[in-house]
2 protein chains.
Amino acid sequence: MGALSPRCTALIRQNAGMLELAILGFLYDTPLHGYELRKRISALTGHVRPVAESTLYPAIKRLEKAGLLVRATEPGAVAAPRHVLSLTDEGRIELRRRLTEPDERDITDENRWFTVLAFLRHLDDAPAQAAVLRRRLAFLEEPASFFYDGDRALRAEELDDPFRRGVLTIARATSRAELRWLRATLESLDG
Amino acid sequence: MGALSPRCTALIRQNAGMLELAILGFLYDTPLHGYELRKRISALTGHVRPVAESTLYPAIKRLEKAGLLVRATEPGAVAAPRHVLSLTDEGRIELRRRLTEPDERDITDENRWFTVLAFLRHLDDAPAQAAVLRRRLAFLEEPASFFYDGDRALRAEELDDPFRRGVLTIARATSRAELRWLRATLESLDG
DNA sequence: ACTCGATACATCGGTTCCGATGTATTGTCG
DNA sequence: CGACAATACATCGGAACCGATGTATCGAGT
């Protein structure tokens with residue numbers, strides 16, 4: 001686990017999209033070409049937010065430019081020649097960094113959070129994994145209110161709007177389910 | 001409910017962010033100045049995804065340019081002069097249009113969906129509201145898989161990765177809770 | 001022979017997003 | 001009296017996103 005090169009530290013920035021995290025996460029297991037990568041990312045998050053090719057290929061280029069992955073051109077087995085992508089050592093370090101210190105948005109936005117969870121096993125260090133789960137736990141434990149009367153948060157029962165009541169109902173049910181899972185998983189990580 | 005002006009139809013585009021929807025939604029009730037608008041949007045979605053001022057003000061400008069809202073400068077009651085924003089008739093039509101025909105992403109992405117729900121009462125037409133809920137119902141009813149072994153979707157029990165298992169567990173619990181609410185609400189809208 | 005769909009990659013241009021930064025005023029706390 | 005937070009708006013530049021479009025190959029159907 002050496003230090004990051006200047007090229008790499010230059011890449012450490014806020015708001016590094018969840019797309020990049022997914023690319024790094026999938027390539028951590030095994031080298032893949034772009035098309036296959038796209039299929040896997042689509043399976044993971046595509047039902048919520050489809051991955052445009054015109055978003056994926058520039059993202060791959062960014063990561064290549066940052067020295068996190070390399071391309072090897074292979075003659076096409078089926079069709080056009082493939083660019084097989086594999087992570088560099090720096091790419092592997094960077095993935096672990098992004099998993100260890102996720103951006104605040106990675107914690108609060110469910111889509112991003114699921115992407116973190118999908119690859120968290122790569123951290124391979126139970127205390128570090130537990131620390132990430134605890135950040136999510138802290139976020140879910142502070143009461144989130146959606147609607148206010150002035151400064152006072154409104155409870156579901158106080159809303160006559162059935163749709164806004166739905167937002168609160170669903171958010172609470174979701175939160176309860178995840179809290180249960182988080183506490184159980186933390187227990188088994190700590191124990 | 002007249003036809004939309006050319007300026008307005010030009011604005012009908014894909015991927016019209018949920019920020020614009022929130023602006024239109026809040027102003028539908030009452031005129032507000034930008035700063036107050038920001039506080040309300042922050043309460044609604046800020047815990048997941050904070051609203052940068054540098055995103056809000058350009059969005060207001062876009063909507064103004066499109067003829068959906070107008071600004072009136074008021075001498076500042078407390079501090080700097082305020083720009084009180086109010087929807088035009090076209091703005092009101094456009095909000096109802098966006099609520100009646102939400103973008104596919106507004107249905108699939110929970111953050112966007114919650115924004116739709118937060119303002120769906122403005123539609124003021126039970127069958128139209130029910131139609132929107134049914135789109136979400138259809139989306140949640142088709143089984144979503146996150147992880148695959150080749151083409152075969154993996155069930156929670158098949159994963160040894162506790163974090164990926166968590167993704168499936170949480171997604172299912174969330175889905176069940178929302179389906180319950182959707183079915184109950186549809187029944188009361190239809191009945 | 002022709003079309004079509006899947007594989008595989010790429011660019012262009014427009015929109016949106018957002019961190020950093022700047023301006024100005026008022027009220028509050030020490 | 002000075003620092004500081006809150007109110008209130010705005011711009012700039014860079015990054016990210018994405019629809020449209022283009023290129024090319026291969027196999028299956030018709």
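Now for a quick tour of the structure. What you see is a predicted model, and the numbers here were worked out from it, not measured in a lab.

**Considerations on the pattern of salt bridges**
Now for step 1: Per the counting criterion, the structure on display carries 40 salt bridges over all chains.
Now for step 2: One salt bridge connects A:Arg155 with A:Glu157, and the closest N-O pair in it is separated by 3.2 Å.
Now for step 3: In this structure A:Arg155 comes out as partly exposed when scored by relative accessible area, which is 47%.
Now for step 4: Among the salt bridges present, the one from B:Arg164 reaches B:Asp161, with a minimum N-O distance of 3.9 Å.

**Notes on the packing of helix 2 (residues 18–29) of chain B against helix 5 (residues 89–100) of chain B**
Residue and element names in this part refer to chain B.
Now for step 1: Where helix 2 contacts helix 5, the two axes come as close as 10 Å, and the packing angle between them is 125°. With respect to each other, helix 2 and helix 5 are oriented oblique. Judged by the sense of rotation from one axis to the other, the crossing of helix 2 with helix 5 is left-handed. Between helix 2 and helix 5, the residues in contact are Glu20, Leu21, Leu24, Gly25, Leu27 and Tyr28 and Gly91, Arg92, Glu94, Leu95, Arg96, Arg98 and Leu99, respectively.

**A few points about the environment of B:Met18**
Residue and element names in this part refer to chain B.
Now for step 1: Within the element layout of this structure, Met18 appears in helix 2.
Now for step 2: Overall, Met18 belongs to the buried group, its relative accessible area being 16%.
Now for step 3: On a C-alpha basis, the gap between Met18 and Arg105 in space is 9.7 Å, while along the polypeptide they are 87 residues apart.
Now for step 4: The contacts of Met18, once residues within four sequence positions are left out, are Arg49, Asn111, Arg112 and Thr115.

**Remarks on the sheet that holds strand 1 (residues 32–33) of chain B**
Residues and elements named next belong to chain B.
Now for step 1: Strand order in the open sheet made by the three strands is 1-3-2, with antiparallel pairing throughout. Each end of this open sheet is capped by a strand with a single partner; those strands are strand 1 and strand 2 (69–74).
Now for step 2: Pairing of strand 2 with strand 3 (residues 82–87), which is carried by six bridges, proceeds in the antiparallel orientation. The residue of strand 3 that forms the bridge with Arg71 is Leu85.
Now for step 3: Strand contacts of helix 2: strand 1, strand 2 and strand 3, with the helix running at about 90° to strand 3, the strand carrying the most contacts.

**Considering the relation of the copies chain A and chain B**
Now for step 1: Of the transformation placing chain A onto chain B, the axial shift is 0.0 Å and the rotation is 180°, giving an RMSD of 0.1 Å. Interpreted geometrically, this transformation is the action of a two-fold axis. Among all residues of chain A, the minimum C-alpha distance to the rotation axis is found for A:Thr174, at 2.4 Å.
Now for step 2: Mapped onto chain B, 100% of the interface residues of chain A again fall at the interface, so both copies present the same surface.

**Here we look at the interface of chain A and chain B**
Now for step 1: If you look at the interface, chain A gives 41 residues, while chain B gives 41 residues.
Now for step 2: Across the chain A/chain B interface, buried area totals approximately 3600 Å², and carbon plus sulfur atoms make up 67% of it.
Now for step 3: Interface area lost by chain A to chain B is led by A:His47, A:Phe163 and A:Ile170, which between them contribute 20%.
Now for step 4: Salt-bridge contacts for B:Asp161 lead to A:Arg121; the nearest nitrogen and oxygen are separated by 3.1 Å.
Now for step 5: At the boundary of chain A with chain B, the tally comes to six residue pairs in polar contact (both at pLDDT 80 or more).
Now for step 6: Counting only elements with at least two residues in the side of chain A that touches chain B, the list comes to helix 3 (34–45), helix 6 (104–108), helix 7 (110–119), helix 8 (126–141) and helix 9 (162–190) of chain A.
Now for step 7: Here the side of chain A that touches chain B takes 14 residues from helix 9 of chain A, the largest share from any one element.
Now for step 8: Here the residues of the side of chain A that touches chain B sort into 25 nonpolar, eight polar and eight charged.

**Considerations on helix 3 (residues 34–45) of chain B**
Now for step 1: Here helix 3 of chain B contains 12 residues, and its C-alpha end-to-end distance of 16 Å stays within 8% of the 16 Å for a straight helix at 1.5 Å per residue.
Now for step 2: Burial in helix 3 of chain B covers these residues: B:Gly34, B:Leu37, B:Ile41, B:Ala43, B:Leu44 and B:Thr45.
Now for step 3: Close packing links the buried residues of helix 3 of chain B with strand 4 (148–149) of chain A together with helix 2, strand 1, helix 4 (53–65), strand 3 and helix 7 (110–119) of chain B.

**Comments concerning the sheet that holds strand 2 (residues 69–74) of chain A**
All names here are of chain A.
Now for step 1: Across the sheet, which stays open at both edges, the three strands sit in the order 1-3-2 with antiparallel pairing between neighbours. In this open sheet, the two strands that pair with only one neighbour each are strand 1 (32–33) and strand 2.
Now for step 2: Sheet topology places strand 1 next to strand 3 (residues 82–87); two bridges connect them, and they run antiparallel. Considered in strand 3, the bridge of Leu32 is made with Leu85.

**Observations regarding the packing of aromatic side chains**
Residues and elements named next belong to chain A.
Now for step 1: Tallied over the full model, the rule gives six aromatic pairs over all chains.
Now for step 2: Note on Phe146 and Phe147: the rings are 6.2 Å apart at their centroids and 40° apart in plane angle, and the pair reads as tilted. Judged on exposure class, the residue Phe146 and its partner Phe147 are both buried.
Now for step 3: Geometry around Tyr28 places Arg92 over its ring, the cationic atom sitting 4.2 Å from the centre.

Quick notes on the rules
Residues numbered from 1 in each chain as written. Chains lettered and ligands numbered in written order. Predicted model: local features only at pLDDT ≥ 70, side-chain atom pairs only at ≥ 80, totals over all residues. Heavy atoms only, no water. Salt bridge = Lys/Arg side-chain N within 4 Å of Asp/Glu carboxyl O. Buried < 20%, exposed > 50% of the residue type's maximum accessible area, 1.4 Å probe, protein only. Axes fitted to C-alpha atoms, helices over the stretch in contact; angles between N-to-C directions. Helix = DSSP H or I, 4+ residues; strand = E, 2+ residues; numbered from the N terminus. Parallel < 35°, antiparallel > 145°, perpendicular 65-115°, else oblique. Left-handed = near helix turned anticlockwise from the far one by under 90°. Contact = heavy atoms within 4.5 Å. Pairing = 2+ DSSP bridges. Least-squares fit on C-alpha atoms with pLDDT ≥ 70 in both. Buried area = accessible area lost by both parts, 1.4 Å probe. Polar contact = N/O pair within 3.5 Å; in protein donor to acceptor, adjacent residues only side chain to side chain. Nonpolar A, V, L, I, M, F, W, Y, C, P; charged D, E, K, R; others polar. Expected span 1.5 Å × (residues − 1). Phe/Tyr/Trp six-rings, centres within 6.5 Å; stacked < 30°, edge-to-face > 60°. Lys NZ or Arg CZ within 6 Å of the ring centre and 35° of its normal.

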